Amino acid sequence: MGRPPKKVPDPGSPLGRLATALRYGRETKGLSFVKLAKATPGISRSTLQRAAAGTRMPKLEVVRAFAHACHLDVEWLDDLWQEAHRASQPEGQGHASQQLAVDQIRDLADLGQALTDLWRQSGAPSFRLMHLRAKGEGLELSSSTAHRICRHRRVPGSRARLEAFLAACGVVFREREVWADAWVRARENDHMSRRHDVTEIEAMIAAGVPGGKLYQKPAVRLLLKADLTPTEPYRAFDAPWTVRCLRCEALFRARLSDIVMRQATCQACPAQNRKILKAWEELLENRLGALTKEQEQALRASAMLKARLYRGVLEVPVFVSTPEAGAVLRSPDWHTALETAMQRHLRGALHMDVLLVYDYADNSVPLVNGHRPRRLAKQAGLLTGPVETHTRDDLPKPTNSGV
């Protein structure tokens, strides 16, 4: 029988509450630290023990991996970690961003903390009230978006969203431009930081080990920073890797190089799918009149399948059930309207690739995009026939008519 764990030194402090929550999760699951380390690849047993000891501030990725292994609420632990992190700062630095001038904001972390402090200084209005304040000025700010910004979980993805948040906090119009400049500066610095990270990793690969391979542990740490965990041994920086999303438990394959550049993310996460679905619904409403009547009718008779974002390309499969709708949608004239709707809801630049999935009775349309879109239609219950209806050998061969 092992020694009983030492008591948390100060269970009433923010760090003590965080350690108590971690201990509760481990004891509820009945996991020893050895088993817990096996469930959190890349994190040692001693690191997990220190995180639950309540004597030293753990890293956020360690707390999140601990939470996922013990099936704890990640958002709850994120809040506890933020409180403990602020309390661990030296006297006078715990709320340094409150004294930081807006024109001195350097990066997205500064911007996020400054917006959180702005919300507190404005009296911490309810998220519902913030929604109504923004709406009163003709701006859009949902209660959920306001909650995420105020809790320092995200920053506004557009200038319009930033202005809506500022209006909800009571910032007068003449003072909003300096915030907009800070938002642009933070995003530019974030992009430069990403490029620097990639350059540094490339240098690590070049000088790390013979053959230009990255070590297993640094690779896993990079994966955990993206809220992912490996399910197979690491091979190479540009090799496909089967990983599991720590947010939704979905499995997918991606290259570590794409994950570091944030060009490969989990597409099964509900938040991402909701954004894509909302953009599709906005397209069907055709409020801006970007679609012709024939295109609108053809799209309403069709259905969007599960989209996939990979290496900056958004692949959008569209299930077409009638030849009349297919004849209209084969023209790419409506793609611009869809891309505009997607850009409004998805952050970052992307290229779009529309794949039409046919289900005609005569099956006369060649299968040029592979079987994946048809499998998606089968899973959605839209396709009743067999998925692999024909192969390349079944397609008509070109003939030489002779000239």
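The rules we used
Residues numbered from 1 in each chain as written. Predicted model: local features only at pLDDT ≥ 70, side-chain atom pairs only at ≥ 80, totals over all residues. Heavy atoms only, no water. Salt bridge = Lys/Arg side-chain N within 4 Å of Asp/Glu carboxyl O. Buried < 20%, exposed > 50% of the residue type's maximum accessible area, 1.4 Å probe, protein only. Helix = DSSP H or I, 4+ residues; strand = E, 2+ residues; numbered from the N terminus. Polar contact = N/O pair within 3.5 Å; in protein donor to acceptor, adjacent residues only side chain to side chain. Contact = heavy atoms within 4.5 Å. Pairing = 2+ DSSP bridges. Axes fitted to C-alpha atoms, helices over the stretch in contact; angles between N-to-C directions.

1. Thoughts on the pattern of salt bridges
So, point 1. Going through the model one piece at a time under the given rule, you end up with six salt bridges.
So, point 2. For aspartate 110, the salt bridge is made with arginine 106, and the minimal N-O distance between the two is 3.2 Å.
So, point 3. Overall, the relative accessible area of 13% leaves aspartate 110 in the buried class.
So, point 4. For arginine 159, the salt bridge identified is with glutamate 177, shortest N-O distance 3.5 Å.

2. Here we look at the environment of lysine 35
So, point 1. You can see lysine 35 is positioned in helix α2 (residues 33–39).
So, point 2. Since its relative accessible area comes to 52%, lysine 35 is described here as exposed.
So, point 3. Sequence separation between lysine 35 and arginine 45 is ten residues; the distance between their C-alpha atoms is 8.8 Å.

3. Examining the side chain of threonine 40
So, point 1. Examined against the element boundaries, threonine 40 turns out to sit in the loop between α2 and α3 (45–53).
So, point 2. Here the side chain of threonine 40 touches leucine 36 through a polar contact of 2.9 Å, landing on its backbone oxygen.
So, point 3. Once residues within four sequence positions are removed from consideration, threonine 40 is found in contact with Leu48, Ala65, Phe66 and Ala69.

4. Here we look at the sheet that holds strand β2 (residues 240–245)
So, point 1. Ordered by their spatial adjacency, three strands build an open sheet running β1-β2-β3, and the pairing between neighbours is antiparallel. Only two strands of the sheet have a single partner each, and these edge strands are β1 (228–230) and β3 (251–255). Adjacent strand axes in the sheet meet at a mean angle of 50° when their direction is disregarded.
So, point 2. Note that β1 and β2 share three bridges and pair antiparallel. Bridged to proline 230 within β2 is valine 243.
So, point 3. The strands touched by helix α12 (residues 216–225) are β1 and β2; relative to β1, the strand with the most contacts, the crossing angle is about 150°.

Structural measurements only, silent on function.
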